[in-house]
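# Tertiary structure, described
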Amino acid sequence: MASFQGVIGNIVYSAVETQKANYREIYEENCHRIYSLSFWMTDNELVAEQLLNNTFLRAFAGSNKPKAENIDRAFIAEMREMFAIGSLTLSSAVDTQISSVRSNMKRIHLERAVVQLPATEKLIFLYHDVEGFDHDQIGRLIGVTKEESMSGLHQARLRVRELVSRMQ
């Protein structure tokens, strides 16, 4: 007959292994997306890796099985510690007349332009145009209204066009 401690030990070991498998599955489903956002926000691989780790530590501290929205909230919390997130940093009026962008724009120009955006506009741009979030979701995540999210996206796109046209 198995001892009580042996049975309890097996139960605990089984529970720990199950939890590890759950963590691994959640991490693997979301790590590329969070790393990509982290890299775009920081333009630094080492800082992006640290943000990725901190995001998942925060998400798992809040829940044993965080959903993608919880992970995004953890990411935003980490971003708030690095950047002023929430208020739009561009004016709502059109800054300058945007020159037409040539159709032969290089990808590197677009990448360089995106990393130069102010933090809030960059997050809105990445969540909407790259990740496919709607403005309601973005507003809830970063603490702005739907209208502010829409305005921030418009401003980010204008700024990207302006920056790209200067690079060519």
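Structural notes, computed from the coordinates. (Residues numbered from 1 in each chain as written. Predicted model: local features only at pLDDT ≥ 70, side-chain atom pairs only at ≥ 80, totals over all residues. Heavy atoms only, no water.)

## With respect to the nonpolar core
- In this structure, Phe75, Leu123, Tyr127 and Ile142 are the most contacted members of the largest nonpolar core, which totals 35 residues.
- Contributing elements (two or more residues each) for this core: helix H1 (4-42), helix H2 (45-62), helix H3 (68-82), helix H4 (107-115), helix H5 (119-130), helix H6 (135-142) and helix H7 (146-167).
- Residue contacts for Ile142: discarding those within four places in its chain leaves Ile76, Arg80, Ile85, Gly86, Thr120, Leu123 and Ile124. (Core = buried A, V, L, I, M, F, W, Y, C linked by side-chain atoms within 4.5 Å. Buried < 20%, exposed > 50% of the residue type's maximum accessible area, 1.4 Å probe, protein only. Helix = DSSP H or I, 4+ residues; strand = E, 2+ residues; numbered from the N terminus. Contact = heavy atoms within 4.5 Å.)

## Considerations on the pattern of salt bridges
- Tallied over the full model, the rule gives seven salt bridges.
- One salt bridge connects Arg33 with Asp72, and the closest N-O pair in it is separated by 2.4 Å. Here Arg33, found in helix H1, pairs with Asp72, found in helix H3; they are 39 residues apart in sequence, far enough to count as distant.
- With relative accessibility at 14%, the residue Arg33 sits in the buried group.
- Note that Asp129 and Arg157 form a salt bridge whose closest N and O atoms lie 2.7 Å from each other. Here Arg157 lies in helix H7 and Asp129 lies in helix H5, a separation of 28 residues in the sequence.
- Taking relative accessible area as the criterion, Arg157 reaches 32% and is therefore assigned partly exposed.
- Taken together, the salt bridges that share partners define one network made up of Arg58, Glu78 and Glu81. (Salt bridge = Lys/Arg side-chain N within 4 Å of Asp/Glu carboxyl O.)

## Here we look at the packing of H4 against H7
- Packing of H4 against H7 leaves a shortest axis separation of 9 Å and a crossing angle of 130°. Taken together, the axes of H4 and H7 are oblique relative to one another. Crossing geometry of H4 relative to H7 is assigned as right-handed. Facing H4, whose interface residues are His109, Leu110, Arg112, Ala113 and Val114, H7 presents Val160, Leu163, Val164 and Met167.
- When grouped by side-chain class, the residues that make up the contact of H4 with H7 number seven nonpolar, one polar and one charged. (Axes fitted to C-alpha atoms, helices over the stretch in contact; angles between N-to-C directions. Parallel < 35°, antiparallel > 145°, perpendicular 65-115°, else oblique. Left-handed = near helix turned anticlockwise from the far one by under 90°. Nonpolar A, V, L, I, M, F, W, Y, C, P; charged D, E, K, R; others polar.)

## A few points about H6
- Among the residues of H6, His135, Ile138, Gly139, Leu141 and Ile142 are the ones counted as buried. Projected down its long axis, H6 shows its buried positions confined to an angular sector of 165°, all on one face.
- Measuring from the backbone nitrogen of Asp136 back to the side-chain oxygen at the start of H6 gives 3.0 Å, which picks out Asp134 as the cap.
- A positive phi of about 85° marks Gly143, the residue just after H6. (Arc of directions from axis to C-beta. Polar contact = N/O pair within 3.5 Å; in protein donor to acceptor, adjacent residues only side chain to side chain.)

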